[in-house]
Amino acid sequence: MALVNPKKYFDVAIKKKYAISQFNFYNLESAIAILNAAKKLNSIVILGVTEKAIKYAGLDNIISIAKNTSNNLKINVILHLDHGRDEKIIKDCIKKGFTSVMVDGSHLNFNENIKLTKKIVNYAHKYNVFVEAELGQLKGNEDGIVSDVNKYTNPLQAKIFVEKTNCDSLAIAIGTSHGAYKFTGNANLKFDILKEIRKLVKIPLVLHGASSVYKETIDTANKYGAKLKDVKGVSDSDLKKAVLFGIQKINTDTDLRLAFNTSIRKTASLKPEIFDPRYILSEAILEMQKICEHKIKILKSQNTI
Ligand SMILES: [Zn+2]
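Please read all numbers here as calculations on a predicted model, not as lab measurements.

Trainee: Where do I start with the nonpolar core in this structure?
Mentor: The nonpolar side chains of a soluble globular protein tend to be buried with one another. Core analysis: the largest hydrophobic core is formed by 79 residues, its most contacted members being Phe25, Leu79, Phe98, Val101, Leu170 and Ile250. For Phe25, the contacting residues outside a window of four places in its chain are Ser30, Ala31, Ile34, Leu47, Gly48, Val49, Ala53, Ile62, Ile65, Ala66 and Leu79.

Shown next, in the form of structure tokens:
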């Protein structure tokens with residue numbers, strides 16, 4: 001059992017029209033929740049790590065948690081750097097055993113993005129590490145990566161970008177958004193742009209900012225003291241459509257944070273006599289695991305490990 005390169009899994013995902021989940025983690029509990037779900041449903045998953053998560057937990061701890069937890073469960077897993085912007089962090093991750101990295105040059109102009117991505121691709125491929133790049137911009141805030149604009153990916157530019165950089169997968173902007181406050185009105189994903197990109201680009205396509213922000217989770221959190229107003233996400237039916245039209249990887253972070261937060265509030269409120277963190281966190285693991293299992297089923301990646 002090991003940390004594995006995602007390429008062969010994506011090849012199958014393209015053929016069989018399903019998508020692989022990336023779930024972001026930053027501590028033992030989130031890793032256990034994600035990998036328990038993967039084990040239960042026999043699904044390949046991607047453990048995503050942001051630069052902020054590395055600063056929080058430490059790179060060596062992150063790697064140990066991913067390796068040891070997947071070993072204990074006897075499953076393969078992909079360890080992936082999400083939104084890599086710091087070249088030193090990207091290279092450290094590659095050298096220390098990550099099997100996939102994202103180089104995020106989406107804030108740069110087209111040519112600068114190509115230049116940075118190409119440089120990372122050349123470096124990563126020497127280590128047999130998979131590289132996701134991004135073209136276009138998503139609104140919102142992902143662990144400190146903030147953008148207040150929404151720039152849809154241009155399909156023709158996507159084709160040129162992939163040819164010039166030789167990246168292994170491409171994150172595209174079709175109207176999703178990072179965080180829990182995704183939309184002011186209804187979600188309006190540009191599936192026509194996705195279809196166009198899918199025709200022109202052969203590598204796996206990735207959807208970020210795709211948490212669903214489930215109403216039930218929000219209502220429960222608010223019932224137990226949270227103040228989450230006007231939060232909105234991408235519906236399960238939109239996620240299914242995205243997969244049908246050619247997305248092979250969908251990222252989830254906010255939904256796991258919300259599940260964690262809701263569970264901690266609920267347990268503290270309903271069982272005020274309990275103060276053992278292991279009890280409180282075990283409940284939170286179960287709630288996060290439920291979200292992971294649900295996403296895996298929505299994206300149809302059961303029995304892919
Ligand atoms: Zn993202």
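Back to the write-up after that little detour.
Trainee: Can you help me understand the side chain of Asp255 in this one?
Mentor: Along the chain, Asp255 turns up in helix 11 (residues 254-270). Take Asp255: its relative accessible area is 2%, and that puts it in the buried class. When near neighbours in sequence (up to four residues on either side) are disregarded, Asp255 contacts Ser211, Ser212, Val213, Tyr214, Ile291 and Lys295.

Trainee: Just to check I follow, could you spell out helix 9 (residues 215-223) for this structure?
Mentor: Residues separated by three or four positions in an α-helix point in the same direction, a consequence of the helix having 3.6 residues per turn. Taken together, the buried positions of helix 9 are Thr217, Ile218 and Ala221. One side of helix 9 holds all its buried residues, which, seen down the axis, span an arc of 95°. Of the residues in helix 9, the exposed ones pointing more than 90 degrees away from the buried face are Lys215, Glu216 and Lys223. Looking at the packing, one finds that the buried side of helix 9 touches helix 11. The first or second residue beyond helix 9 is Gly225, which carries a positive phi of 110°.

Trainee: What's the story with the pairing of strand 4 (residues 100-103) in this structure? I'm lost.
Mentor: Along any regular strand, the residues point their side chains to alternate faces of the sheet. Side chains Ser100 and Met102 project from strand 4 onto one buried face, and the interleaved Val101 and Val103 project onto a second face that is buried too. What joins strand 3 (residues 78-84) to strand 4 is helix 5 (residues 87-96), and the crossover it makes is right-handed. As paired elements, strand 4 and strand 5 (residues 130-135) share four bridges and run parallel to each other. Residue pairing for strand 5: Met102 is matched across the bridge by Glu132. One crossover worth recording links strand 4 to the parallel strand 5 by way of helix 6 (residues 110-126), and it is right-handed.

Trainee: In this structure, what is going on with the packing of aromatic side chains? I would like to understand it.
Mentor: Each aromatic ring pair is summarised here by two numbers: the centre-to-centre distance and the angle between the ring planes. Counted by the stated rule, this structure contains four aromatic pairs. Centroid distance Phe10 to Phe130: 5.4 Å. Interplanar angle 25°. Geometry classified as stacked. Taken together, the residues Phe10 in helix 1 (residues 7-16) and Phe130 in strand 5 connect sequence positions 120 residues apart. In terms of burial, Phe10 and Phe130 fall into one category: buried. When the ring of Phe110 is compared with that of Phe161, the centres are 6.3 Å apart and the planes differ by 45°; the resulting orientation is tilted. Taken together, the residues span a long stretch of sequence, with Phe110 in helix 6 and Phe161 in helix 7 (residues 155-165) at a distance of 51 residues. Its end group placed over the ring of Phe245, Lys195 keeps NZ or CZ at 4.4 Å from the ring centre.

Trainee: I'm lost on the pairing of strand 1 (residues 20-24) in this one. Help?
Mentor: Burial runs high along strand 1: five of the five residues are buried. Of the pairings in the sheet, the one linking strand 1 to strand 10 (residues 249-252) comprises four bridges and is parallel in character. Following the sheet pairing, Phe23 is matched in strand 10 by Thr252. In terms of strand pairing, strand 1 meets strand 2 (residues 45-50) through four bridges, oriented parallel. Across the sheet, the residue bridging to Gln22 is Ile46, located in strand 2.

Conventions and cut-offs
- Residues numbered from 1 in each chain as written.
- Predicted model: local features only at pLDDT ≥ 70, side-chain atom pairs only at ≥ 80, totals over all residues.
- Heavy atoms only, no water.
- Core = buried A, V, L, I, M, F, W, Y, C linked by side-chain atoms within 4.5 Å.
- Buried < 20%, exposed > 50% of the residue type's maximum accessible area, 1.4 Å probe, protein only.
- Contact = heavy atoms within 4.5 Å.
- Helix = DSSP H or I, 4+ residues; strand = E, 2+ residues; numbered from the N terminus.
- Arc of directions from axis to C-beta.
- Right-handed = clockwise from strand over helix to strand, strands pointing away.
- Pairing = 2+ DSSP bridges.
- Phe/Tyr/Trp six-rings, centres within 6.5 Å; stacked < 30°, edge-to-face > 60°.
- Lys NZ or Arg CZ within 6 Å of the ring centre and 35° of its normal.

Nothing here speaks to function; it is all geometry.
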